[in-house]
Amino acid sequence: AGSGAKVVSTWDFGVGANAAAWPVLARGGSALDAVEAGARWAEADLCNPTVGRCGNPDRDGVLTLDASIMDGDGRCGAVAALEDILHPVSVARAVMEKTPHVMLVGEGAQRFAAAQGFPKQPLLTDEARKAWREWLKTSEYQPQINAERRQRPGDASNHDTLGILAIGADGKLAGACTTSGMAWKLHGRVGDSPIVGAGLYVDNEAGAATASGVGEEMVRNAASFLVVELMRQGRSPGQACREAIERVVRKRPEASKQLQVCFLALNKHGEVGAYALHQGFVYAVHDGGAGPHERLHESAS
Ligand code: SD4
């Protein structure tokens, strides 16, 4: 407490991710270790249909995972379309630290993970398989707007990609993003979450940003990079997120009526802001301060 350290995460699952990340920051650990710990918690959690082993599969019934991790010095790593590995965020970190590359995909990512000692294990849950079979009956693909909070675990919403940003006591930033992507996506589809600059961007000189929602819109707008650049130009985190949302709308006004896009940002001073295209986006903040350590905020939209 009082160290200036802070961790923020997307959606209500962010509360659990922050709780896993906070002890790292509280003992003076790095923001990078903290966001990895938070993302790992979300990946192992068994009731989030948009992250890790509880994720919904693509339209072929295959669960494919995307993740990225980045620190404020510009070091980054990512994996996309990874199958049968429980902790994509840690594989992303291994890509960052142990290879000259920033991104591995599909079978190559899986082989690299195996070589690094990550166990291969089937991840798809019975609930997710059931939800997929249900979806097959109509096979209608309409990315959902996600304005409503999920009613029960397993609801086939596209909620809850975990974007997590932290600032350590040393003032250094890091972020991670992990997801199973949009439910019922085409096999091979990659969203924004593992794309540095789209689903995640971090720069110690300005701030950090992450995104959730329909990833194609984030990629189109290099959105997390945009949020960080707006903070660099002096916008508050909330204002930067808002202007990025306005950019998304300007680019595709009609589509924007149907899609949810949400941004969460943390600047180099530890200030937090968020903005969403439509209502319903919440995020969690944990700074170890007095009072309830976990606060869930409803973002403006
Ligand atoms: C994606 N942005 O793959 C992710 C999905 C998401 O909450 O954020 N869901 O497009």
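Residues numbered from 1 in each chain as written. Predicted model: local features only at pLDDT ≥ 70, side-chain atom pairs only at ≥ 80, totals over all residues.

Now for the pairing of strand E2 (residues 65-71). Where burial is concerned, most of E2 is hidden: seven out of the seven residues are buried. Residues Leu65, Ala67, Ile69 and Asp71 line one face of E2 and the alternating positions Asp66, Ser68 and Met70 line the opposite face, and both faces are buried. Of the strand pairs in this sheet, E2 and strand E3 (residues 76-82) are connected by five bridges, and their pairing is antiparallel. Directly across from alanine 67, in E3, lies its bridge partner valine 79. (Buried ≥ 20, exposed ≤ 12 C-beta atoms within 10 Å, placed from the backbone. Helix = DSSP H or I, 4+ residues; strand = E, 2+ residues; numbered from the N terminus. Pairing = 2+ DSSP bridges.)

Attention now goes to the site of the ligand. The full set close to the ligand counts 16 residues, and Thr161, Gly181, Gly191, Ser212 and Gly215 are the nearest of them. Residues that form the shell around the ligand fall into these classes: two nonpolar, 12 polar and two charged. (Near = placed C-beta within 6 Å. Nonpolar A, V, L, I, M, F, W, Y, C, P; charged D, E, K, R; others polar.)

Here we take up the packing of helix H1 (residues 14-26) against helix H2 (residues 31-44). H2 packs onto H1 with a crossing angle of 150° between their chain directions and a minimal axis gap of 7 Å. Looking at the two axes, H1 sits roughly antiparallel to H2. Here H1 runs over H2; the crossing is right-handed. Each of Gly16, Ala17, Asn18, Ala20, Ala21, Val24 and Leu25 in H1 lies in contact with H2, whose residues at this interface are Asp33, Ala34, Val35, Ala37, Gly38, Ala39, Trp41 and Ala42. Of the residues belonging to the contact of H1 with H2, the class tally is 11 nonpolar, three polar and one charged. (Axes fitted to C-alpha atoms, helices over the stretch in contact; angles between N-to-C directions. Parallel < 35°, antiparallel > 145°, perpendicular 65-115°, else oblique. Left-handed = near helix turned anticlockwise from the far one by under 90°. Contact = placed C-beta atoms within 7 Å.)

Running from N to C, helix H7 (residues 223-232) and helix H8 (residues 237-251) cross one another at 135°; their axes reach a closest spacing of 8 Å. Relative to H8, H7 is oriented oblique. The crossing of H7 and H8 is right-handed. Within the contact between the two elements, H7 uses Ala223, Leu226, Val227, Leu230 and Met231 and H8 uses Pro237, Ala240, Cys241, Glu243, Ala244, Arg247 and Val248. Considered class by class, the residues forming the contact of H7 with H8 number 10 nonpolar, no polar and two charged.

Moving on: the UniProt feature "active site" (unreviewed entry) in the protein chain. UniProt records the feature "active site" (unreviewed entry) for Thr161 in the present numbering. Counting through the fold element by element, threonine 161 comes out in the loop between helix H5 (126-138) and strand E5 (162-167). Accessibility expressed as a C-beta count within 10 Å gives 31 for threonine 161, which makes it buried. Dropping the residues within four chain positions of it, threonine 161 is found in contact with Thr10, Thr50, Val51, Cys177, Thr179, Ser193 and Ser212. (UniProt positions renumbered as here; feature names shortened; annotations may be inferred.)

Glancing now at the pairing of strand E10 (residues 272-276). Among the five residues that make up E10, five are buried, leaving the element largely enclosed by the rest of the structure. Across the two faces of E10 the burial is the same, with Val272, Ala274 and Ala276 and Gly273 and Tyr275 all buried. Looking at chain direction, strand E9 (residues 261-267) and E10 are connected through five bridges and run antiparallel. Within E10, the residue paired with leucine 266 across the bridge is valine 272. Connecting E9 to the antiparallel partner E10 that follows it, the hairpin turn spans four residues, and glycine 270 within it adopts a positive phi of roughly 90°.

All right, on to unusual backbone geometry then. Even without being glycine, alanine 81 reaches a positive phi, approximately 50°. Looking at the element boundaries, alanine 81 is found in strand E3. With a phi angle near 65°, aspartate 84 is a residue other than glycine that sits in the positive phi range. With respect to the element layout, aspartate 84 can be found in the loop between E3 and helix H3 (88-98). Aspartate 84 sits in the partly exposed class, given 19 other C-beta atoms within 10 Å.

The strand order across the open sheet formed by four strands is E7-E8-E9-E10, and the pairing between neighbours is antiparallel. Edge strands, defined here as strands with exactly one partner in the open sheet, are strand E7 (200-203) and E10. Going across the sheet, the axis of each strand differs from the next one's by a mean of 10°, ignoring polarity. Where E7 and strand E8 (residues 207-213) come together, four bridges link them in antiparallel fashion. Among the inter-strand pairings, leucine 200 is bridged to a residue of E8, identified as threonine 210. On top of the sheet, H7 reaches E7, E8 and E9; it is set at about 145° to E8, its chief contact. Each of E8, E9 and E10 is contacted by H8, which is oriented at about 20° to E10, the strand it contacts most.

A separate point is the confidence of the model for the protein chain. Residue-level pLDDT values for the protein chain average 91, and 92% of them are 70 or greater. The model gives residues 149-156 a pLDDT under 50, and that stretch makes 14 contacts with residues more than four places away or in other chains. Here the predicted complex carries an ipTM of 0.98, next to a pTM of 0.94. (pLDDT = per-residue confidence, 0-100.)

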